Amino acid sequence: MPTGSSPKRERQYKHIKESAKERGESEKRAEEIAARTVNKERARSGESRTASRASTRDLSSARRGGRRSHSGAEGPTYAQLYAEAKRRDIHGRSTMNKAALKRALGR
């Protein structure tokens with residue numbers, strides 16, 4: 001973390017790093033992902049001295065991630081649909097494709 005970071009950014013860094021490690025990233029790669037994400041958010045909110053055009057005009061990392069996995073053009077991912085079907089105990093879910101899972105879930 002950069003020197004003088006706020007407690008909020010330190011918590012954010014720790015959370016992102018742990019999340020990346022849970023997804024199977026190495027320690028070094030998890031640290032890199034967390035640092036880049038936090039630095040970009042600091043630049044977007046005016047907390048850093050310098051900021052690139054990409055940092056300030058691009059989608060925020062939270063918005064980008066949400067668009068990718070929740071309700072973007074193609075909706076939820078197959079894995080998300082499958083997990084919901086498993087929670088609802090829908091029989092035959094293991095043989096269903098994405099479209100079939102959507103129908104079974106009433107989407």
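Keep in mind the model is a prediction, meaning the values are calculated, not measured.

A. Region of interest: the overall build of the protein. The helix and strand inventory of the protein stands at 6 helices and 0 strands. The helix and strand sequence of the protein, counted from the amino end, reads α-α-α-α-α-α. Buried positions account for 27% of the 107 residues belonging to the protein. Considering only residue pairs separated by 6 or more positions, the protein has 22% of its internal contacts joining residues 24 or more positions apart. With an accessible surface of roughly 7900 Å², the protein has 47% of that area assigned to carbon and sulfur atoms.

B. Examining helix 6 (residues 98-105) more closely. Of all the positions in helix 6, only Ala 100, Leu 101 and Leu 105 are classed as buried. Projected down its long axis, helix 6 shows its buried positions confined to an angular sector of 130°, all on one face. Just past helix 6, the residue Gly 106 takes up positive phi, approximately 75°.

C. Structural context of the packing of helix 5 (residues 78-87) against helix 6. For the pair helix 5 and helix 6, the least separation of the axes is 10 Å and the interaxial angle reads 40°. If you check the angle between helix 5 and helix 6, you find them oblique. Once helix 5 is placed against helix 6, the crossing between them reads as left-handed. Residue-level contacts link Tyr 78, Leu 81, Tyr 82, Glu 84 and Ala 85 of helix 5 to Lys 98, Leu 101, Lys 102 and Leu 105 of helix 6. Looking at the contact of helix 5 with helix 6 residue by residue, the class counts come to 6 nonpolar, no polar and 3 charged.

Quick notes on the rules
Residues numbered from 1 in each chain as written. Predicted model: local features only at pLDDT ≥ 70, side-chain atom pairs only at ≥ 80, totals over all residues. Heavy atoms only, no water. Helix = DSSP H or I, 4+ residues; strand = E, 2+ residues; numbered from the N terminus. Buried < 20%, exposed > 50% of the residue type's maximum accessible area, 1.4 Å probe, protein only. Contact = heavy atoms within 4.5 Å. Areas by Shrake-Rupley, 256 points an atom, 1.4 Å probe, with all protein chains shown as cover. Arc of directions from axis to C-beta. Axes fitted to C-alpha atoms, helices over the stretch in contact; angles between N-to-C directions. Parallel < 35°, antiparallel > 145°, perpendicular 65-115°, else oblique. Left-handed = near helix turned anticlockwise from the far one by under 90°. Nonpolar A, V, L, I, M, F, W, Y, C, P; charged D, E, K, R; others polar.

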